[in-house]
Structures are given as structure tokens and as C-alpha cells.
Amino acid sequence: MKALFFTVFALYAISVVLQFTGTAFKKDKLLKAAWYIFMAACALHLVFIIVRGISAKRLPLSNQFEFANAFAFGAAVFTIAVSMKMKAGWLRSVAMPMALLIMTYAALQPMEIKDLMPALRSAWFGVHIGSAVLAYSAFVIAGSAGLRYIIASRKENADEKMLKQMDYLGYRLVTFGFLFLTVVILSGAIWAEQAWSAFWTWDPKEVWALITWIIYALYLHLRLRRKSNERFLAWFLFIAVFVVFFTFAGVNTLMHGLHTYG
Amino acid sequence: MKKLFNFLRSMRFGIILLILIGIFSVIGTVIPQGNSPAWYAENYPSAHGLIMALRLNSIFSSWYFIVILVLLCVNLIFCSLLRIRSVTKAAGDESVRTALLPIIVRLSPEGVQALEDHLEAIHCRAEQMAACTVYSKNRFGRYGSFITHLSILLVILTGAAALYLPQVKDYTCYSGSSVVLEDGTRIEVFDFHIEDLSGRLDYSSNIRITLSDGRSSEQRNIKVNYPLAFGRYKVYQQTYGTAGSVTVTNLDNGGSDDMILDEKSFLSLDGVSGLWYLALYPDYLEDPSGNITLVSSVTGHYTNPVYEVISVSDGVYAPVLAFPGEELQINSLVFRFNEPVEYPGLRVKETPPFINAMLIFSFVLMTAGLYVTFFCEPVFIKVSPEGYTAAGPRPERMRMDLSDRFGGFEIDEKEESQ
Ligand code: HEM
């Protein structure tokens, strides 16, 4: 199974290298190859997740490795879905490395399959953690759209229509992520009351989820103000990704609380 | 006064409050919360004065954090309830306002026909105006952000009630006995056991709740994630403990008694001779020369329990380590040490009626509000023989979709208005 994971990892890495080379040397064939390899990696990634779920006999979302793995998969799926549905090929050169980055983090985590600990055996497990994967993936790809906007808007003759699309895509992904992050927080509260008797305990992981939620609520409101310019919003989206990463990985490693599961 | 009111209801004020909540939340996770003043003095020697003065040790219950939350509620009331009138009014004449907009995308007559067919196929409502048709979809989506803000207000208020109104108390109770609460509600514990699931321990009690009016819940196992709720009570499997157990037999009359040992105690008939129970150890280590080191903490079952006791007989004190199954005679009393008993620590939560239901309702409302806001955006499309214009609070998606489907020649909005 490790071999399958590293094959997926290698395919993502190859696709990113080809994407960069293709972009640098303006070789369409390389870009095309990069894209097909990326899609193949994503399909194989799904196979890996299913196989892992079957051998663990549960949703493969329980520890840092499994969550990061699902997160990388989510980011890859969003990259593919968005670039196909919205014809946003421009997203790839930023979003593909982003998926690879998360995959790299997953590769650095201990991979062995462990039984689900009693505190996690609940119907809320799938809803809570599944929504977190969706929310974080959407935010990361929104941040990629932000970064792409920043890069594109530096050019003198930047394509206005494309910039608008980048701005809108970032917004659209945030709306999706925001809805799911809300589900994460609310389902977490219901679950916490079932498990620990209190809806909210100001545990660091809870508070950082709330901080992330507030940051994206700020983005949504700032975008409503006519005064906010798109470049500022693009920077906002890009920087917010670091908060998402911190909530996802930093809190577990740097802070102690109820959410520290193996 | 009007200026103050305008500020209180402004989105700018809302944004400032959200930023403040965010900043204090970060501080509240960087500085560990709820420790003793001595702990802060030891860990933050140079800043502990400041931490205590600004209550950074319990930031989430500090007066200023609560004031910010109250102000956020005020702001939310203003920005949701007070805005609803203008939202309703704006929604009322949105079609007319759309009809007055200039055409932005030019289409051929066939293009216009295809567009109208498409708008009908996606169930847009058509309104005939003087020189155009206005198609609209998701009109109720206008109320999405109203529902969202109102539900946030509800979540904060009912959340505060759900956090602070319930009474929570912890009890220990041995299998076969019961706890009686102040109002007469009885919680019976029939059984307690520790399941060892591949190295991960799970604690489970078999209980039943009987309310003061005589109504009883089902009898079932509770464990983490599966509390038993009945009436206003919810009983959680919270912790567990292990206590010593001895059978004392009086050789003079043949009587015997089983006793649970959960604290230091002196078991004696005359108050002079008897057994001092000091502690129960879960395990011990024995070196090759027979020296024993007691292990004071393990998780789960006590693997090799050891009783630490003192035998007191006619003024002579003799420390003894006793193992389950062993007996110790002190004058006419025989103490037989049994296997320790495991017992649950139960948490009993009493919540006033409706609070949890209200909270869950506000959660559902908030999710629905966000869904409507983001995914049921109202759109208005003016279609005339020359082309079309898509309008609404966030018409981008519809504009992109229509432009993908029907192309057309886009007229610059600025040029048009000049
Ligand atoms: C507590 C956190 C808050 C959250 C999560 C929140 C959420 C939202 C969302 C999701 C939207 C829709 C944005 C969009 O469509 O792009 C919105 C719009 C808006 N929010 Fe908030 N909001 C919050 C607090 C506030 C506060 C305190 C105010 C104070 C005035 C406010 C004022 C507004 C206004 C005026 C709009 C535009 C309404 C519209 O488009 O109909 N919000 N908010």
C-alpha cells in the first residue's frame, strides 16, 4: 500500500515538474502531458483512499496522515473540477504544486493503520472530518486563485477578463469552503456535546477553526465593500491559506488540547 | 446620536468586532488558559503581571471579550433586522430596475431566441415589460444573508445559554448501587467494565435513569459518544476508578462483611487493633534479589494489584504488602484481600428544556442561510431583441455561464453609460 501512495506522490511530482518546464519553455505538449499525468495521479489517489478505507474498515480520515492525504486529494479534485468546469487552465501552475505540497506533508507523517480510538467512533466523524477536508481544499485552491491573480496582475497588459475570472473563482471557492467550515464547526459542537458534555470548550483546535471562519467571513464582507480592490482581496486569500495550514497542522503540533489524536 | 447609531449598524463596525474577536482568540490559544496564577508566574516570569491584569489567562470569560460579543449581537440585530425592510423593498421593484438597465451583451435574433429558450428551461420566471422581458430566478435568495445574520445571532445567544445554564456534576458510583440527585432522580449503575479494544481502552457502564415522577429510561450501556439522555438529564461515562476490596470475617461470631476501600481508613472493632488501609497499587516490579518497587499509575486494568496496609495488633505496627487472594489475621479479625473493583465516574448534565433544541435549530438555520446566500443567488436577466443584461447582487456566475453558452458581443458598461 505504501508503494501505491508513493506512486501517486511521484505522479503528482512529475506532473508539477512538467507543468513548470512547459510553462517556462512555453511548450504546450509538456503542459498537456503534465495535466494528464496529474489527472491520472488523482484517479490513482482515489484508488489508494478506497484501498486504505477497505483495509482499515473505516473512513480513512482519522490521523494526520489520512487527513493530509484526503486533503491533498481534495485539492487535486478541486483543481481538476474548477479548471474543467470554469475553463480555468491558468489555475493549474499554482494549484497543482499546492496539492503536491500537501501530499508531501502527508508523506512525512507516520502511515501505519491504527484502529479508531473510542472517542472518534461516532456517526459525526464522517460529517465533521469530511467537511473539513472539503473546506480546507476549497480554501487552498481559492488561495491558489489569489496567488495566480497576484502574478497575473503584475503584467502591464494584464487580461482584465481573466483577472475578473480569477477574482470570482477565488470568491466562489471561498463560499463553498465557508459553508463546509460552518458545517465543521457546528457538527463539531454537536459531537463535542455527545462526547464531552459541552458544545464548546475553547480548545485550541476549535478556536483556530473559529479564527479561520472569521478570516473568511472578513473576506466575504471586504469583498462586498466597493472600496476593497481585487488585488488586496487576492493577497488576502493567499495569506489566509497559511492560517488554514496552521489550523490543520500547526495546532496539533504546537498546541495541546482535546483534539490531539494519534 | 444618529452618527453613533449609523456606526453601530455599519458593516465597518461588524468587521472591526470580528477582527477583535480573531485577535483575542489567537492570544487565547497562544497563552494557555485557566491555569493558576502561580503557573503563569513560573512560566511567564516577565509578563505574568500583565497577563493577570488583562485577564489573558481566562480571555474567553473576560469582561472585554463578553462586551465585544454583546456589541456583535447589537450589530447583528441592526444589520439583520433593520435591513430586512430595505431588502424587501429592493426585492419588490428589482424587475423594474433591471428593465431600466442598458443592454450589455449584443446577440443575434437567433441568439436571443436560444437564450430565452434556455432561461425558460432553467425555470426562470418571465415578466413582460414595455420593450423587454425580465427573467428572474431565486428571488428568495435575497433573504439568504438576512437568515444567515439572524441565525448567527441565534447561535451566539442560544450557544451562551447552552454553555452556561446547564448544571453539570460528577459522581462516582459502584456497580449495583445508585446515585440519587437533589430532585429525587435516581441513576442506577448495573455494571461497569473496561473494554480493551486492540490497546485502546473504552469504558462502559450499564445504567438506567428514573425521574422523580417515576418514569424510567431504558437500561443501556453508556460510553464515550453514547451518553444516555432522559428528561432533562444526560448521563455521560466520564472517568473510571479502581478501589480495593476486602472481606472481613469476625472469628468470634462468624460474621463477615465485604468492604470497598477507596480512601485511607482504619478497619477495627475496638479502635485499637485492626488494619490500616493506605493504598492500592496497580502493579509492581520485582528485582532479582526480591526487592519490590510499587508502580503508582497505569491506564486501564490493574495488572498486578498490591495492597499497602499496616497491621496494628496490641500497639505493634507492621507494614504489609498484600496481594489479592491473601489473608491476614489480626486478633479475631481475618482480612481477605479480593481483586480490586472498577467503578465509573459519571457526569450528569441537567439542561433546562428547549435550549438544545433551539441551538440545533439555529445551527440548521445558519447552514440553510449560507446555502441560500451562496447557492441560490437571485439573478435578473433583461432580454430585448438586441441582447441581454444579467443583474442582481452577484450576477457573475450567470454572466459567465451565459457568455459561455451564447457568446455575443460585449458592450463596455462604462462606454455605455457615457
Ligand atoms: C459573525 C459573523 C458574520 C458572518 C459569518 C457573516 C456572513 C455573511 C455572509 C455569508 C454574507 C454574504 C456575503 C456574500 O454574499 O458574498 C454576508 C453579507 C453581509 N453581511 Fe455579514 N456576517 C457576519 C457578520 C456581519 C455583521 C456583524 C454585519 C454588520 C453590519 C454584517 C453585515 C453584512 C452585510 C451588510 C452584508 C451584505 C448583505 C447582502 O448582500 O444582502 N455581517 N454576511
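For the structure, see preceding data.
What you see is a predicted model, and the numbers here were worked out from it, not measured in a lab. (Residues numbered from 1 in each chain as written. Chains lettered and ligands numbered in written order. Predicted model: local features only at pLDDT ≥ 70, side-chain atom pairs only at ≥ 80, totals over all residues. Heavy atoms only, no water.)

Q: Account for the overall build of chain B, naming residues and giving values.
A: Scanning chain B for helices and strands turns up 11 helices and 23 strands. Scaling as 2.2 N^0.38, a compact globule of 418 residues should have a C-alpha radius of gyration of about 22 Å, whereas chain B reaches 36 Å, well beyond that. Seen along its three principal axes, the alpha-carbon backbone of chain B occupies a region of about 115 × 55 × 50 Å. Looking at chain B as a whole, 42% of its 418 residues qualify as buried. Of the contacts made within chain B by residues no fewer than 6 positions apart, 58% connect residues no fewer than 24 positions apart. If the 33 positive side-chain charges of chain B are averaged to one point and the 44 negative ones to another, these points end up 18 Å apart. (Helix = DSSP H or I, 4+ residues; strand = E, 2+ residues; numbered from the N terminus. Rg over C-alpha atoms; globule rule 2.2 N^0.38 Å. Buried < 20%, exposed > 50% of the residue type's maximum accessible area, 1.4 Å probe, protein only. Contact = heavy atoms within 4.5 Å. Lys, Arg positive; Asp, Glu negative; His and termini not counted. Charge placed at Lys NZ, Arg CZ, Asp CG, Glu CD.)

Q: I'd like a rundown of the pattern of salt bridges, residues and numbers included.
A: What the rule picks out here adds up to 24 salt bridges over all chains. As a salt-bridge pair, A:Asp167 and A:Arg223 come within 2.9 Å of each other at their nearest N and O atoms. Here A:Asp167 is found in helix α6 (residues 160–196), whereas its partner A:Arg223 is found in helix α7 (residues 204–224), with 56 residues between them in sequence. For A:Arg223, a relative accessible area of 17% translates into the label buried. If you follow the salt bridges from partner to partner, you end up with A:Arg172, B:Glu377, B:Arg394 and B:Arg397 in one network. (Salt bridge = Lys/Arg side-chain N within 4 Å of Asp/Glu carboxyl O.)

Q: How would you explain the sheet that holds strand β3 (residues 133–137) of chain B if you had to name every residue and give the values?
A: All names here are of chain B. Spatial strand order, β2-β3-β21-β22-β1-β23: six strands in an open sheet with antiparallel pairing. With one partner strand each, in any of the chains shown, β2 (125–128) and β23 (409–410) form the two edges of the open sheet. Summarising the sheet, strand β1 (residues 105–106) and strand β22 (residues 387–391) pair through two bridges and their orientation is antiparallel. Bridging across to β22, Val-105 finds its partner in Tyr-388. Across the sheet, helix α7 (residues 109–121) is in contact with β3, β21 (379–384) and β22; its angle to β21 comes to roughly 150 degrees. (Pairing = 2+ DSSP bridges. Axes fitted to C-alpha atoms, helices over the stretch in contact; angles between N-to-C directions.)

Q: Give me the environment of B:Ser332: which residues, what numbers.
A: All names here are of chain B. Note on placement: Ser-332 falls in the loop between β18 (327–330) and β19 (333–337). We classify Ser-332 as buried; its relative accessible area is 18%. Distance in space between the C-alpha atoms of Ser-332 and Phe-266 is 16 Å, their sequence separation being 66 residues. Once residues within four sequence positions are removed from consideration, Ser-332 is found in contact with Thr-249, Asn-250, Leu-251, Asp-252 and Leu-269.

Q: How would you summarise the coordination of the iron atom of the ligand if you had to cite specific residues and measurements?
A: Taken together, A:His221 (NE2) and B:His149 (NE2) make up the full set of protein donors to the iron atom of the ligand, lying 1.8 to 1.9 Å away. For the iron atom of the ligand, the six donor atoms in the first shell make angles of 86 to 180 degrees at the metal, so the coordination geometry reads as octahedral. Residue A:His221 is found in helix α7, and its partner B:His149 is found in helix α8 (residues 144–164); the two belong to separate chains. Residue classification places B:His149 among the buried positions, given a relative accessible area of 18%. (Donors = N, O, S within 2.8 Å, 3.2 Å for Na, K, Ca; no water. Tetrahedral: all angles 85-135°; square planar, octahedral: opposite > 155°, others 65-115°.)

Q: Outline the packing of helix α2 (residues 11–30) of chain B against helix α5 (residues 63–92) of chain B, supporting the account with residue identities and numerical values.
A: All names here are of chain B. At a closest axis distance of 10 Å, the pairing of α2 and α5 adopts a crossing angle of 150 degrees. The angle between α2 and α5 places the two elements in the roughly antiparallel class. Considering only the axes of α2 and α5, their crossing is left-handed. Here Phe-13, Gly-14, Leu-17, Leu-18, Leu-20, Ile-21, Phe-24 and Ser-25 of α2 lie close against α5, whose contacting residues are Tyr-64, Phe-65, Ile-68, Leu-69, Leu-71, Leu-72 and Asn-75. Broken down by class, the residue content of the contact of α2 with α5 amounts to 12 nonpolar, three polar and no charged. (Parallel < 35°, antiparallel > 145°, perpendicular 65-115°, else oblique. Left-handed = near helix turned anticlockwise from the far one by under 90°. Nonpolar A, V, L, I, M, F, W, Y, C, P; charged D, E, K, R; others polar.)

Q: Describe in detail unusual backbone geometry, supporting the description with residues and values.
A: Residues and elements named next belong to chain B. Of note in this structure, Asn-331 is not a glycine but carries a positive phi near 55 degrees. In this fold, Asn-331 is placed in the loop between β18 and β19. Given a relative accessible area of 37%, Asn-331 falls into the partly exposed group. Its identity is not glycine, yet Phe-354 carries a phi of approximately 75 degrees, on the positive side.

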